[in-house]
Structure formats: C-alpha cells, structure tokens
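# Fold and geometry: a report
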Amino acid sequence: MYTDGVTEAKDINDKLFGEERLINFIVKQENNTRTLLNNILEELRSFAGKAPQSDDITMLMIKYL
C-alpha cells in the first residue's frame, strides 16, 4: 500500500513519477520483501533529485506467511 505522494512525486521539471513507472520498477525487482520498499524509495529519490515534494511519501508492505 502507498499514499498518492509516491506516484505524485515530481522531478525538477514537475514530471510525476506515476503509476506506470512504479509498476514497471516493481516488476523488474526480485521477489524480496525485505528490500523492495527501500529500492522503491531509492528510485523515487533518484527520480526527484533535489525537487521539493508537496506531499508525504508513505509505503507499507505486509508479508503474509
């Protein structure tokens, strides 16, 4: 689960990270719940660079065993 701040994160040109970019990134990741959220956050930070964000970026993952 994630808040809209994830997909609405902007780069310095006001381009949104977007759902499609998020999905494409997740699909390329290994099935490792321990690192997935960190990898997404690193990708968001790389995308946004020094652009100020106007919303929170919150993610939650629950693994059912």
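Details of the structure are given in the entry above.
Here's what I pulled together on the structure shown here. (Residues numbered from 1 in each chain as written. Predicted model: local features only at pLDDT ≥ 70, side-chain atom pairs only at ≥ 80, totals over all residues. Heavy atoms only, no water.)

### Details of the overall build of the chain
Regarding its fold elements, the chain presents 3 helices and 0 strands. A globule of 65 residues ought to have a C-alpha radius of gyration of about 11 Å, and the chain, at 12 Å, matches this closely. Projected onto its principal axes, the C-alpha coordinates of the chain cover approximately 40 × 20 × 20 Å. Counting over 65 residues, the chain shows a buried share of 23%. Excluding contacts between residues fewer than 6 apart, the proportion of contacts in the chain whose partners are at least 24 apart in sequence is 59%. Carbon and sulfur atoms make up 50% of the accessible area of the chain, which totals about 5,200 Å². The averaged location of the 11 negative side-chain charges in the chain is 7 Å from the averaged location of its 8 positive side-chain charges. (Helix = DSSP H or I, 4+ residues; strand = E, 2+ residues; numbered from the N terminus. Rg over C-alpha atoms; globule rule 2.2 N^0.38 Å. Buried < 20%, exposed > 50% of the residue type's maximum accessible area, 1.4 Å probe, protein only. Contact = heavy atoms within 4.5 Å. Areas by Shrake-Rupley, 256 points an atom, 1.4 Å probe, with all protein chains shown as cover. Lys, Arg positive; Asp, Glu negative; His and termini not counted. Charge placed at Lys NZ, Arg CZ, Asp CG, Glu CD.)

### Focus: the environment of Arg-34
Within the secondary structure, Arg-34 sits in helix H3 (residues 33–48). It is 9.4 Å that separates the C-alpha atoms of Arg-34 and Met-61, two residues lying 27 residues apart in sequence.

### Section: H3
Spanning 16 residues, H3 covers 23 Å between terminal C-alpha atoms, matching the ideal 22 Å at 1.5 Å per step. For H3, the secondary structure elements touched by its buried residues are helix H1 (4–7) and helix H2 (19–27). Note on H3: the residue one or two positions beyond its end, Gly-49, has a positive phi of about 60°. (Expected span 1.5 Å × (residues − 1).)

### A few points about the side chain of Asp-11
Position of Asp-11 relative to the elements: it lies in the loop between H1 and H2. A polar contact of 2.9 Å, which involves the side chain of Asp-11, links it to the backbone nitrogen of Asn-13. Of note is the side chain of Asp-11, whose polar atom sits 2.8 Å from the backbone nitrogen of Lys-15. The contacts of Asp-11, once residues within four sequence positions are left out, are Phe-47, Ala-48 and Ala-51. (Polar contact = N/O pair within 3.5 Å; in protein donor to acceptor, adjacent residues only side chain to side chain.)

By themselves, these figures tell us nothing about what the structure is for.
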